[in-house]
Amino acid sequence: MASRNPLREALTAGRFCYMVEMVASASMAEAKLWEIAAGLAQIPEVVGAGITSYAGGSAGHDPIRVAAGAREQGLNPNVHLTCVNHDPAGIRDALDQLMTLGMENVFAITGDWPKGAAPEAVQFAGDSVQLVETIAEVRAARGWPFYISVAVSPFKYTEADCAYQYLKLEKKIAAGADFAITQLGFDSQKQRELMRYLRERGLNTPVFGNVYVLPPKAAERMSKGEPPGCWVSPELLAKIQEEAKAEDKGLAARLERAAKMAAISRGLGYAGAYIGGTHNPEHIRGIIRRAEELAPRWEELAEEISYGAKGGFFFYDSTPRPPKPREFTQKLFDVIEPANTPRSLRKVLTGVMSWIDHHPAAAEALEKAELAFKKPVFGCQACGNCVLGLMEYVCPMTCPKNMRNGPCGGTSNGQCEVIPEQACIWVEVYERAKAAHRVDELKTYIPPRNRALQGTSSYINYFLNRDSRPDHPQPLISIDNVAPGGSHEAEDSLVKK
């Protein structure tokens, strides 16, 4: 059985609490990470620690192994589980291992693109929404009390990026997320915006506000969008660089700003503060103590820490652009989309597709004809599991991460995290949905594709019910192959190996 979980207890009780991010960097020895964990475990207000995986696109130590060691030191881990360089079997094995070790807190994220990796060298098991759905399915089937956290970034300053972050959070909550953690930003107006969005929709999911002790070099990188999803305004960068001229290199100012951010998060109704940028237990204690002192002044501090993008989009305070007129081709695609086939024709087409499927030469010819049309028009990669109709006729396979449920957190002003000179495909999805008055339909969960269908005709697969789609979902992993949780037999060997 799972042991006591202070993180779940604090959020269930509605008690403002703190988590710390432990970066499982390859540059730091595991023994040092466990020493840090022992120090953090002595801070009563800290109810957990995020154990990173592929943070910023850099491979590090195995987060499950580090988490197991941290728990031995008395620290409650929240293990980052990414889809990066995993196939579905890898996700199944990771969940199996977590249950065997008796760990229940999981931070489900798509993950940053590995630094310097060529597209053909990287694979993603799925996207974050599909990962949440998968963990929730295992939780229900195996009775293991996974406590699922997800990421959200209110710190987006174009309409499509901003709206889609919120839409995607709704999808994650519907899929089974228990709480959320914001990505890093220094804009209290955006923090307020996220809470208002959730409250207006009756979503009471707890959210941690991201708090960061930001030194000059990291601020400079973030001002350029590195790591993906983080951004620092020119005004804040200049302020931090000026603070660094002090005798302590700006440390006191950085810690004070982090305390202010925690106080603001509390005042805005966040469930807790997620502290990053330092592993020093004394710094963490000081931030928490100072945040408690500053709590009554949170509204004043919110005015101070509001480093948003000049002229950027704000969900409630900006005027959305009028939708673009729908193109004729989009209207035509609505007509030829298989899911829109009139009921009277479905039986006929199903019979035709069944006949073609039983004649290999005909099936191959149809697949080639389909690809000849779809590749130049949509960038089709013959996945055999077409969801164009659910994505406003933008192919998800043209996203480097092949995501099917919305953009990753690494978008920057509508540009792709992996190929910065390329627009994120989800901008076009959003704009087309807006033009068709179908934005709410973007909340539809799109299940993982059936990878066995690669190189086959999506028309045959659709009409013969082989593909994976909202009305015919197929799981990312087979639940039957996941062992029941609760055994701790492997824990010692994993930590001490």
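Source: prediction; values computed, not measured.

> Before we go on, may I ask you to explain the pattern of salt bridges in this structure?
Pairs may arise between side chains of opposite charge once their charged atoms sit close together. This structure, assessed with the given rule, holds 31 salt bridges. One salt bridge in this structure joins arginine 290 and glutamate 256, with 3.0 Å as the shortest N-O distance. Placement of arginine 290 in helix 11 (residues 281-294) and of glutamate 256 in helix 10 (residues 251-267) is noted, with a sequence separation of 34 residues between them. For lysine 374, the salt bridge goes to glutamate 370, with nearest N and O atoms at 2.9 Å. Here the residue lysine 374 and the residue glutamate 370 both occupy positions in helix 15 (residues 360-378), the gap between them amounting to 4 residues, near one helical turn. For the pair formed by lysine 374 and glutamate 370, the shared burial category is buried.

> Got a minute to help me understand a nonpolar patch on the surface in this structure?
A grouping of Phe328, Leu332, Val335, Ile336, Phe373 and Val377 is seen on the molecular surface, where their side chains present a nonpolar patch of about 580 Å² in accessible area. Where the nonpolar patch is concerned, the elements lending two or more residues are helix 13 (328-336) and helix 15. At 4 residues, the largest contribution of residues to the nonpolar patch is made by helix 13. Looking at valine 377, the relative accessible area reads 42%, which means it is partly exposed.

> Which parts of the structure should I look at to understand the packing of aromatic side chains?
The geometry of two aromatic rings is summed up by the distance between their centres and the angle between their planes. Scanning the model with the defined rule gives 15 aromatic pairs in all. Ring centres of tyrosine 166 and phenylalanine 315 lie 5.7 Å apart, and the angle between their planes is 70°; this geometry places the pair in the edge-to-face category. Of this pair, tyrosine 166 sits in helix 6 (residues 159-175) while phenylalanine 315 is found in the loop between helix 12 (298-304) and helix 13, placing the two residues 149 residues apart along the sequence. Ring centres of phenylalanine 179 and phenylalanine 208 lie 5.7 Å apart, and the angle between their planes is 55°; this geometry places the pair in the tilted category. Taken as a pair, phenylalanine 179 in strand 6 (residues 179-182) and phenylalanine 208 in strand 7 (residues 207-212) lie far apart in primary sequence, 29 residues in all.

> What am I meant to see in the side chain of glutamate 193 here?
Mapping glutamate 193 onto the fold places it in helix 7 (residues 188-200). Reaching out from glutamate 193, the side chain makes a polar contact with the side chain of lysine 190 at a distance of 3.0 Å. Beyond its immediate stretch of four places on either side in the chain, glutamate 193 contacts Pro154, Cys162, Tyr166, Phe314, Phe315 and Tyr316.

> Honestly, the layout of surface pockets in this entry has me stumped. Any pointers?
In this approach the atoms are scanned with a rolling probe the size of a water molecule, which exposes any empty space left behind. Here the second largest pocket defines a volume of roughly 510 Å³. Along the walls of the second largest pocket sit 31 residues, with Glu337, Ala339, Val387, Gly389 and Leu390 positioned nearest its centre. Of all the elements in the fold, those that place two or more residues in the lining of the second largest pocket are helix 6 and helix 17 (458-463). Examining the composition of the lining of the second largest pocket, we find that 3 residues originate from one element, helix 17, more than from any other. Here the lining of the second largest pocket is built from residues that sort into 15 nonpolar, 4 polar and 12 charged.

> Explain helix 15 here, please?
Structural remark: α-helix, 3.6 residues per turn; residues separated by three or four positions point the same way. An ideal rise of 1.5 Å per residue puts 27 Å on 19 residues; helix 15 measures up with 26 Å between its terminal C-alpha atoms. Those residues of helix 15 that fall on the buried side of the exposure criterion are Ala363, Glu367, Glu370, Lys374 and Phe378. Buried residues belonging to helix 15 abut helix 13, helix 14 (343-357) and helix 17. Within two residues after helix 15, glycine 379 carries a phi angle of roughly 80°, on the positive side.

> Explain unusual backbone geometry to me, please; I cannot follow it from the model alone.
Most of the time, phi is negative for any residue but glycine, and the peptide bond is trans. Cis peptide bonds are those with omega within 30 degrees of zero, and the linkage from glutamate 226 to proline 227 qualifies with -5°. Its identity as a non-glycine residue notwithstanding, tyrosine 393 has a phi of 65°, on the positive side. Relative to the helices and strands, tyrosine 393 is located in the loop between helix 15 and helix 16 (425-435).

> Would you mind showing me how to read the confidence of the model for the protein here?
Residues shown with low pLDDT carry predicted positions that ought not to be read at fine detail. Averaged over every residue, the pLDDT of the protein is 92; residues scoring 70 or more account for 96%. Per-residue pLDDT stays below 50 along residues 486-497; that stretch engages in 32 contacts with residues further than four places along the chain or on separate chains.

> Please explain the packing of helix 14 against helix 15 as it appears in this structure.
Between two packed helices, the angle of one axis relative to the other and the distance separating the axes together describe the packing. Contact pair helix 14 / helix 15: the axes reach a minimum separation of 6 Å and the direction vectors enclose 115°. Looking at the two axes, helix 14 sits roughly perpendicular to helix 15. From helix 14, Met353, Trp355, Ile356 and Asp357 reach across to helix 15, where they touch Pro360, Ala362, Ala363 and Leu366. Classifying every residue of the contact of helix 14 with helix 15 by side-chain character gives 7 nonpolar, no polar and 1 charged.

> Is there a simple way to explain the sheet that holds strand 2 (residues 46-51) in this structure?
The strands making up a sheet associate through backbone hydrogen bonding, with each pair oriented either parallel or antiparallel. Strand order in this closed barrel of 8 strands is 1-2-3-4-5-6-7-8, and the pairing throughout is parallel. Averaged over all neighbouring strand pairs, the angle between strand axes comes to 30°, with direction disregarded. With respect to the sheet, helix 7 is in contact with strand 5 (147-152), strand 6 and strand 7, its orientation differing from that of strand 7 by roughly 175°.

> Explanation requested: the pairing of strand 8 (residues 272-276) in the structure shown.
The side chains of a regular strand alternate between both faces of the sheet. Buried residues dominate strand 8, accounting for 5 of its 5 residues. On strand 8, burial covers both faces: Gly272, Tyr274 and Gly276 on one face and Ala273 and Ile275 on the other are all buried. With 5 bridges joining them, strand 7 and strand 8 adopt parallel strand pairing. Counterpart to valine 211 in the pairing with strand 8 is isoleucine 275.

Cut-off values and rules
Residues numbered from 1 in each chain as written. Predicted model: local features only at pLDDT ≥ 70, side-chain atom pairs only at ≥ 80, totals over all residues. Heavy atoms only, no water. Salt bridge = Lys/Arg side-chain N within 4 Å of Asp/Glu carboxyl O. Helix = DSSP H or I, 4+ residues; strand = E, 2+ residues; numbered from the N terminus. Buried < 20%, exposed > 50% of the residue type's maximum accessible area, 1.4 Å probe, protein only. Patch = residues over 30% accessible without salt bridge, like charges linked within 9 Å, V, L, I, M, F, W, Y side chains within 5 Å. Areas by Shrake-Rupley, 256 points an atom, 1.4 Å probe, with all protein chains shown as cover. Phe/Tyr/Trp six-rings, centres within 6.5 Å; stacked < 30°, edge-to-face > 60°. Polar contact = N/O pair within 3.5 Å; in protein donor to acceptor, adjacent residues only side chain to side chain. Contact = heavy atoms within 4.5 Å. 1 Å grid on protein atoms, 1.4 Å probe; cavity = no way out; pocket = protein on both sides within 12 Å on 5 of 7 lines; lining within 4 Å. Points joined across faces, edges and corners; volume = space filled by probe spheres on them. Nonpolar A, V, L, I, M, F, W, Y, C, P; charged D, E, K, R; others polar. Expected span 1.5 Å × (residues − 1). pLDDT = per-residue confidence, 0-100. Axes fitted to C-alpha atoms, helices over the stretch in contact; angles between N-to-C directions. Parallel < 35°, antiparallel > 145°, perpendicular 65-115°, else oblique. Pairing = 2+ DSSP bridges.

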